[in-house]
Amino acid sequence: MVIIIFDIHSHILPAVDDGAKDINEALQLLEMMKEDGITDVIATPHFYPDSDNLDEFKMRTEEAYKTLCSAAEGKNLPRIYFGCEVLYFRYLGTSEAVTDFRLDGSNYLLLELTDDCITDSFFEDIANLKNKSGIIPIIAHIERYYKAPSFRKLLKFVKSENIPTQVNASSLFSPYYKRITEKLIKKGYVNFLATDSHSIDIRPPQMKNALKHITEKLGEEYANGLIRNSRLLLEEMTRKGDLYEKQNA
Ligand SMILES: [Fe+2]
């Protein structure tokens, strides 16, 4: 039986952000992901609301996505999907652009925060996003905000509002984030494990090691739960989207 390992956070698109610098590195990263047991990956280039123009961003990233898909064709690499990682901005919850940020055919959006943005306005925006736009944010690498003044408030909020969160596989091997990442997983605050791979040097895929570490340190049920959640997200995406069919036609 093939185990589906879906990486929900990666910067594999060539030359669009601080991720893969060109098509060769993007293909190398996909090769590494395959070796790492990843069967499916979504490209999530950074969208920075202060400096990116949405139309230009969409054009640029869609072009890079098509280039990567055709370069990867026939190479037996992980299947690639299309999304982005949005940096939080005020009024995100009621922004018309919000549907453009969804992860390929799903009702989810990958949301990056800053330590300072976790305020009452943020909580209001996230509630609006969920309740008015019907879009559920996944908080990207939540472990990274553990020094934010409102981190406890954030944890309380994600729990009470059922907001999914993601941690980076690499954080389990980082002297800064290891403890908090393990603690968050153990306490049930984490829904997804992802690579957030940027290049063959910066945060290369470590999914296999991370799942092994979680199994040994916390228990197999935690690792299985994280795998299951991303598979369910993939199922939702492929049910609603059409890219999967196109790629596999
Ligand atoms: Fe990222």
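All values reported here derive from a predicted model rather than from experimental measurement.

### Here's the deal with the sheet that holds strand β6 (residues 108–112)
Within the open sheet, the 4 strands sit side by side as β3-β5-β6-β7. Their pairing is parallel. Single-partner strands in this sheet number two, and they are β3 (46–47) and β7 (136–139). Strand direction decides the pairing type here: β6 and β7, joined by 4 bridges, are parallel. Bridge pairing links Leu-110 to Ile-138 in β7. Of the strands in this sheet, β6 and β7 are in contact with helix α3 (residues 120–131), which crosses β7 at around 130°.

### Things to note about the packing of aromatic side chains
Aromatic rings considered in pairs are described by the distance between their centres and by the relative angle of their planes. Considering all chains together, one arrives at 10 aromatic pairs under this definition. Between Phe-122 and Phe-123, the ring centres sit 5.4 Å apart and the planes meet at 70°, which makes this aromatic pair edge-to-face. Like Phe-122, the residue Phe-123 is buried in the burial classification. In this structure an aromatic cluster arises from ring pairing among Phe-47, Phe-57, Phe-89 and Phe-101. Arg-90 extends its terminal NZ or CZ atom over the ring of Tyr-91, reaching a point 4.1 Å from the ring centre. Positioned above the aromatic ring of Tyr-189 is the side chain of Lys-159, whose terminal nitrogen or guanidinium carbon lies 4.5 Å from the ring centre.

What counts, and at which threshold
Residues numbered from 1 in each chain as written. Predicted model: local features only at pLDDT ≥ 70, side-chain atom pairs only at ≥ 80, totals over all residues. Heavy atoms only, no water. Pairing = 2+ DSSP bridges. Helix = DSSP H or I, 4+ residues; strand = E, 2+ residues; numbered from the N terminus. Contact = heavy atoms within 4.5 Å. Axes fitted to C-alpha atoms, helices over the stretch in contact; angles between N-to-C directions. Phe/Tyr/Trp six-rings, centres within 6.5 Å; stacked < 30°, edge-to-face > 60°. Buried < 20%, exposed > 50% of the residue type's maximum accessible area, 1.4 Å probe, protein only. Lys NZ or Arg CZ within 6 Å of the ring centre and 35° of its normal.

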